[in-house]
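Given next are the chains, with one letter for each unit.
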Amino acid sequence: MVDASNLVGQSVRRKEDVRLLTGHGQFVDDISLPGMLYAAVLRSPYPHARIRSVDVSGALRLDGVEAVITGDDAQQLGKPMAVTLDLFTKVPTIYPLAVNKVRYVGEPVAAVAATSREVAEDAVELIVVDYEPLPPIVSIEDAEQPTSLLYEEWGHNRQLDWQFQVGDVGSALAGADVVISEDFPHHRYTGVPLESRVCLADYRPGQGALTVWMSTQAPHQCRTLFAQSLGLPEHQITVIAPDVGGGFGTKLQINAELIPVLLSIKSGRPVKWTEDRYENLVSGVHTRDYVCHLEVGFRRDGTMTGVKASLVGNLGCDGTCDAAGTAALLVAAAYLPGPYHVPAFGVDVVGYVTNKAPYGAYRGYGKDIANYPMERLMEMAAEKLHIDPLELRRRNVIQPDEYPYQQISGPLYDSGDYPAMIAKAREVLDYENFRRQQDETRREGKYLGIGFAAMLEPSGAAVPNGIFNGYEPATVRMTPEGQFLVFTGNQDIGQGIETTLAQVAASQFGVSVDDVRVVFGDTNAVPYGLGSFSSRGATYAVSAVHRASVQLANKLKRIAANILEASAADLVFTQGAVEVAGVPSRRLTLQELGNKVYLWPGPYGTVPPGDDPDLQATETFMGPRVRWQPDEQGRINLYTTHPTGIYAAIVEVDPELGDVRLRRFVVIHDAGVIINPLIAEAQVVGGVVQGMGGALWEELRYDEEGQFLSGDLTSYLLPTAPEIPDVEVYHFVSPSPFTPLGTKGMGEGGTIPTPAAILNAVNDALRPLNVFLNDLPITPQKVRAALRQAGH
Amino acid sequence: MKPVPIRYLRATTVDEAVTALARYGLDAKVLAGGQSLMPMLNMRLARPQVVVDINEIRDLMEIRYDPNARQLVVGALVRHQQLLESSLVHAHQPLLSAAARYIGHWAIRNRGTIGGSVVHHDPSAEWPLVTACLGAEFHVQGPQGRRVIPAADFFVTYLTTAVQAGELLTAVVIPCLGPGESWGFQEYARRHGDFALAAAAVTVTLSDGVVTAARIAVGGVADRPVVLSEVTQHVVGQAPTAQLEVQLGQWVYDAVNPLAESPDEQAYKRDIAAVLVRRAFRQAINRQPAGQ
Ligand SMILES: Cc1cc2nc3c(=O)[nH]c(=O)nc-3n(C[C@H](O)[C@H](O)[C@H](O)COP(=O)(O)OP(=O)(O)OC[C@H]3O[C@@H](n4cnc5c(N)ncnc54)[C@H](O)[C@@H]3O)c2cc1C
């Protein structure tokens, strides 16, 4: 048996894997109810059109069809979709099925519930919609011209408009020796979970009760959003998220799930909707899609004088109700200074609505937007200033003794050691040697390149005004038989919390992870917590579970001390028992203890005065340094912990084919105290792969008319194993002073800097050919076009 | 993603299949490996009333070597993976197994068939390219009996071949490698197993240090595989020098006129068609037995 007191930090095998890998997981699609119907959705073929009429009579006549709903039903049976998150935004009045107007290709217009999915799809084909096409708004430039409006009542297409400045950026840039400025466009891409969105809705008219099984990252907020969007009393609603096959941020809204719910209300029967891949790609949330104009001033020695940015996002049809993405642009703005000393800073942010799919969350949530332009620019600056790119970063990064560091833009950074990580990167890469090798191989016509990106990962958001407001309760309970239950609002979406939270709890009780069951995903069972997003697990959930475990452990010791006639201070937990330290004969197994309190003899006399027999404890973790009240400079702080990193990509470019091969990918990573190295490494690697996907393959394309071009996995290219090199991960440990165990959340770090590192590497490879690429994803066609233009 | 209502028929002989196909004409589809047809059914891009499953027709499952005609007779139901692994193929026309490696992934190769691939006719697919390059013949059986279609007439345009409604492709007859003949195959795709952005198949016969015969074909650049016979004529009679390779690239660049969505894409396909042919040619030369 492993020494339980040291479970934190051990690569315990994942408890959930036996179930998941042997096909015994239970996902929503595995659940069926008697009398259940299947939903299919009719979607808009137009990016922007008025709906003149919807005729559902043909569908209703088809055998097996039990209910058909349109925008009219959505208005009659429900209310406008509730707000997910509203920070400085305009909130549209919209419904889960289009009312009067469609605003993107793939927007739901009508839906059918039938006795099989096949019949439901047949029926969808029989619905006749009369559209009057309107001019589509596809690009940011389209949206800037208010000739066509998504929401006429706004009078413009801006959903978000915000400015912020600290210090005098104008003079800071004017006083610089060199100012580097560039527009950094970033394409649209998103998380593609293996399990798409799936929802089984069961409305019981008799009780007025609604139960929704859904694949979500945030069951409780979904419950509240259902109540608000349907006008149902929240206490009558239950949301259950069983096994969830990936989220990546894309499962944090209810816009699609409202459709089967409305069908269930209308038909009085349970209705299941299983999103197919086309639906997921065309209407599941999209992200990125922005242009950032960045200007950074440098002194000749490479130190920064100021940073000025203008960030313009293409939000698609909405990012406040349909999904929760708009605030990502604000997170980006707050984190643009990244890990650097920035004496003056100014940013303005605009988010435009366009006729594209809703704007949601995806691994990064704006921290990637903060990273990409800056880390691209650092490499351009290095070239211009004739300073090595790692050295340039070293001269600007925050020093280890400066933490906690108040960044100019508001965030308070907890800990880290960039200089040491930079040194480690040099060593691991055998950097000087690589540069030599690069010169030699170029002479043979082989183009190797190396690119870097520093990484900063704010983790555990606490954003005011909505579903990401940042706190987490946990309850830890001992059974009469001496095992433990951890109740958490955190959601298992494949990231391993069933194991990590069990490790944290087990460590306090001297038991193994098999003696701890983590209960999640049922709003009737667990406290109102916020789920899994924003890399918040190891910041919030872990801290809450730890504190609740400590509290319960103390209670158990007091009771055991009473029984053993010892002092609680002398007791220790070990090997499934509590005993007087150094006197193993005076011990109670946890089973004996539980039995005594609950059964034989029972609580009276067993429990000391002042205590009760309720062997559980609840603690709620709040970010100790979160500050929503702006300081005198107007700054707020939303995140509690900040993993750090230095990333490096080595690529080989075949200039004849435009082919980019990833040769090496090195991650120097610091997420504070690591609970489970195996799981932590998998988080980094998985994140890196999604960043690689965005850099080289994945793109949600629209043509100029707003037609969607990436509706299947032969056009939306996900990386597969043969394309991905081994990702080499090296951990540093700078414990966070802001969490009880020194842990930091760490789900997004892999994704954030990877696109910048890769494009930097490609540009480094092609530098002798005078080629500069500035466009993602880096396709062979784009590489060749740039080379052709340069005369190659 | 569920198909329209479909009747499913299973044939166990060629005659049964042809009778069923003749009866339903345009309303029927043959189901072979299903690796192209099933997605099209599920996405409702294909809406036949009937599918005729040919997976139990034993006569279509074999690869045979005909030593007199020096041909491989490949049954329409032979799976991609079978061609990749077959010792007959390795011995007599290794270009086939080299090309098969590039088709999708193992699971797809285990189900997908050569017949399905050529009749489906994606112009980026490997079998149309290789069979066109080698001048294969396609054996077809229909209500009017059997006919043999040469490769030059077989591939009509995207997703269209000379096989008519009611007809079944039964075999593909592929010439073996000749004496002194070697081969090269190059493909470039975005990811492992993807359909080619472009691919090139080349065979070269050398005698006394001079090219005496060659075949050059490119896939992925037109609505069907392109056999570059004129380019081939430039090459024949020449010594395979580095300079010839450079010229070959230019000839290919000039000869192909890729169909594309944008000028950039067109230029790109031209570029890589030239590169891939050049590299395939080099591969073929390098494979020549020493002394040639
Ligand atoms: C993920 C994925 C990747 C792939 N990658 C590649 C690739 O890289 N290269 C490549 O070449 N292919 C690729 N394919 C396609 C694959 O090779 C298919 O197997 C092939 O295109 C069709 O063969 P099939 O036997 O599966 O035919 P089916 O799908 O059963 O049928 C295809 C068509 O041919 C017709 N048909 C089939 N057999 C006959 C016959 N004997 N007579 C008349 N008509 C017939 C059918 O009616 C149908 O119209 C890929 C497929 C997938 C799913």
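Residues numbered from 1 in each chain as written. Chains lettered and ligands numbered in written order. Predicted model: local features only at pLDDT ≥ 70, side-chain atom pairs only at ≥ 80, totals over all residues. Heavy atoms only, no water.

Undergrad: Please set out the overall build of chain A residue by residue, giving values where relevant.
TA: Tallying secondary structure elements over chain A gives 20 helices and 30 strands in all. Relative to the globule expectation of 28 Å for 792 residues, the C-alpha radius of gyration of chain A, 27 Å, shows essentially globular dimensions. Across its three principal axes, chain A shows a C-alpha extent of roughly 90 × 70 × 55 Å. Counting every position in chain A, which comprises 792 residues, the buried fraction comes to 65%. Taking as baseline every contact in chain A between residues at least 6 positions apart, the subset at least 24 positions apart corresponds to 79%. Of the roughly 26,800 Å² that chain A leaves accessible, carbon and sulfur atoms contribute 49%. (Helix = DSSP H or I, 4+ residues; strand = E, 2+ residues; numbered from the N terminus. Rg over C-alpha atoms; globule rule 2.2 N^0.38 Å. Buried < 20%, exposed > 50% of the residue type's maximum accessible area, 1.4 Å probe, protein only. Contact = heavy atoms within 4.5 Å. Areas by Shrake-Rupley, 256 points an atom, 1.4 Å probe, with all protein chains shown as cover.)

Undergrad: Outline the overall build of chain B, supporting the account with residue identities and numerical values.
TA: When helices and strands are tallied, chain B shows twelve helices and 14 strands. For a compact globule of 292 residues, the expected C-alpha radius of gyration is about 19 Å, and chain B comes in at 19 Å, within 12% of that figure. Taking the principal axes of its C-alpha atoms as reference, chain B extends roughly 60 × 50 × 35 Å. Considering chain B as a whole, with its 292 residues, one finds that 55% of them fall into the buried category.

Undergrad: A description of the domain arrangement of chain B should follow, citing residues and the corresponding values.
TA: Quite often, the size of an interface is put as the accessible area lost when its parts meet. Residue and element names in this part refer to chain B. For chain B, the assigned domains are domain 1 (7-53), domain 2 (59-175) and domain 3 (182-286). Between domain 2 and domain 3, the residue contacts involve 24 residues of the former and 25 residues of the latter. Broken down residue by residue, the surface that domain 2 buries against domain 3 is led by Y102, L129 and C133, which jointly contribute 30%. Where domain 2 packs against domain 3, one counts zero salt bridges. At the junction of domain 2 and domain 3, the tally comes to seven residue pairs in polar contact (both at pLDDT 80 or more). Those elements that provide at least two residues to the side of domain 2 that touches domain 3 are α5 (94-100), α8 (126-134) and β8 (155-157). When residues of the side of domain 2 that touches domain 3 are assigned to their parent elements, the largest contribution, seven residues, is made by α8. Split into classes, the residues belonging to the side of domain 2 that touches domain 3 amount to 16 nonpolar, six polar and two charged. (Domains from an automatic or database assignment. Buried area = accessible area lost by both parts, 1.4 Å probe. Salt bridge = Lys/Arg side-chain N within 4 Å of Asp/Glu carboxyl O. Polar contact = N/O pair within 3.5 Å; in protein donor to acceptor, adjacent residues only side chain to side chain. Nonpolar A, V, L, I, M, F, W, Y, C, P; charged D, E, K, R; others polar.)

Undergrad: Mind laying out the site of the ligand, listing which residues take part and the relevant values?
TA: Residues and elements named next belong to chain B. In the neighbourhood of the ligand, 29 residues make up the surrounding shell, with V30, G34, L37, T113 and E126 lying closest. Residue L37 places a main-chain N or O atom 2.6 Å away from an oxygen atom belonging to the ligand. One nitrogen or oxygen atom from the main chain of G193 is found 3.3 Å from an oxygen atom belonging to the ligand. Those elements that place two or more of their residues in the shell around the ligand are β2 (28-31), α7 (114-120) and β10 (168-175). Residue contributions to the shell around the ligand peak at four residues, all from α7. Along the lines of polarity and charge, the residues of the shell around the ligand split into 14 nonpolar, twelve polar and three charged. (Near = heavy atom within 4 Å.)

Undergrad: Can you explain a nonpolar patch on the surface? Please cite residues and give values.
TA: Residues and elements named next belong to chain A. Where nonpolar side chains cluster on the molecular surface, the patch consists of Y598, L599 and W600 and spans about 340 Å² of accessible area. Looking at the element boundaries, Y598 is found in helix α17 (residues 590-598). The exposure class of Y598 is partly exposed, given its relative accessible area of 32%. (Patch = residues over 30% accessible without salt bridge, like charges linked within 9 Å, V, L, I, M, F, W, Y side chains within 5 Å.)

Undergrad: Report on the pattern of salt bridges, specifying residues and quantitative values.
TA: Residues and elements named next belong to chain A. Going through the model one piece at a time under the given rule, you end up with 59 salt bridges over all chains. The partner of R395 in a salt bridge is E391, with the nearest N and O atoms 2.8 Å apart. Taken together, the residues R395 and E391, both in helix α12 (residues 389-396) and four residues apart, mark about one turn of the helix. R395 gets classed as partly exposed once you look at its relative accessible area, which sits at 35%.

Undergrad: A description of the environment of V105(A) should follow, citing residues and the corresponding values.
TA: Residue and element names in this part refer to chain A. Within the secondary structure, V105 is located in the loop between β4 (101-102) and β5 (108-114). What makes V105 buried here is its relative accessible area of 4%. Considering only alpha carbons, one finds V105 and E383, 278 residues apart in sequence, at a separation of 43 Å. Beyond its immediate chain neighbours, meaning those up to four positions away, V105 contacts S44, P45, Y46, P47, Y278, V282, G706, Q707 and F708.

Undergrad: Please provide a residue-by-residue account of the packing of helix α7 (residues 219-230) of chain A against helix α8 (residues 258-267) of chain A, values included.
TA: All names here are of chain A. Running from N to C, α7 and α8 point in directions that differ by 55°, and their axes come no closer than 12 Å. One way to sum up the angle between α7 and α8 is to call them oblique. Handedness of the crossing formed by α7 with α8: right-handed. Seen from α7, the contacting residues are F226, S229 and L230; seen from α8, they are L258, V261, L262 and I265. Taken together, the residues of the contact of α7 with α8 break down into six nonpolar, one polar and no charged. (Axes fitted to C-alpha atoms, helices over the stretch in contact; angles between N-to-C directions. Parallel < 35°, antiparallel > 145°, perpendicular 65-115°, else oblique. Left-handed = near helix turned anticlockwise from the far one by under 90°.)

Undergrad: Could you give an account of the packing of aromatic side chains, with specific residues and numbers?
TA: All names here are of chain A. Scanning the model with the defined rule gives 22 aromatic pairs over all chains in all. Centroid distance W162 to F164: 5.6 Å. Interplanar angle 5°. Geometry classified as stacked. In this structure, W162 and F164 share a single accessibility class: buried. Considering the side-chain rings of F484 and F509, the 4.0 Å spacing of their centres and the 15° angle between planes classify their relative orientation as stacked. Taken together, the residues span a long stretch of sequence, with F484 in strand β21 (residues 484-488) and F509 in helix α15 (residues 497-509) at a distance of 25 residues. Relative accessible area serves as the criterion here: at 0%, F509 is assigned to the buried category. A connected cluster of aromatic rings, assembled from ring pairs, spans F88, W162, F164 and F345. R536 extends its terminal NZ or CZ atom over the ring of F533, reaching a point 5.1 Å from the ring centre. (Phe/Tyr/Trp six-rings, centres within 6.5 Å; stacked < 30°, edge-to-face > 60°. Lys NZ or Arg CZ within 6 Å of the ring centre and 35° of its normal.)

Undergrad: Residue-level account of the sheet that holds β2(B), with values.
TA: All names here are of chain B. With parallel pairing, three strands are arranged side by side in an open sheet as β1-β3-β2. Either end of the sheet is taken by a strand with one partner, and the two such strands are β1 (7-10) and β2. On average, each strand axis in the sheet is inclined to that of its neighbour by 25°, with strand direction left out of account. (Pairing = 2+ DSSP bridges.)

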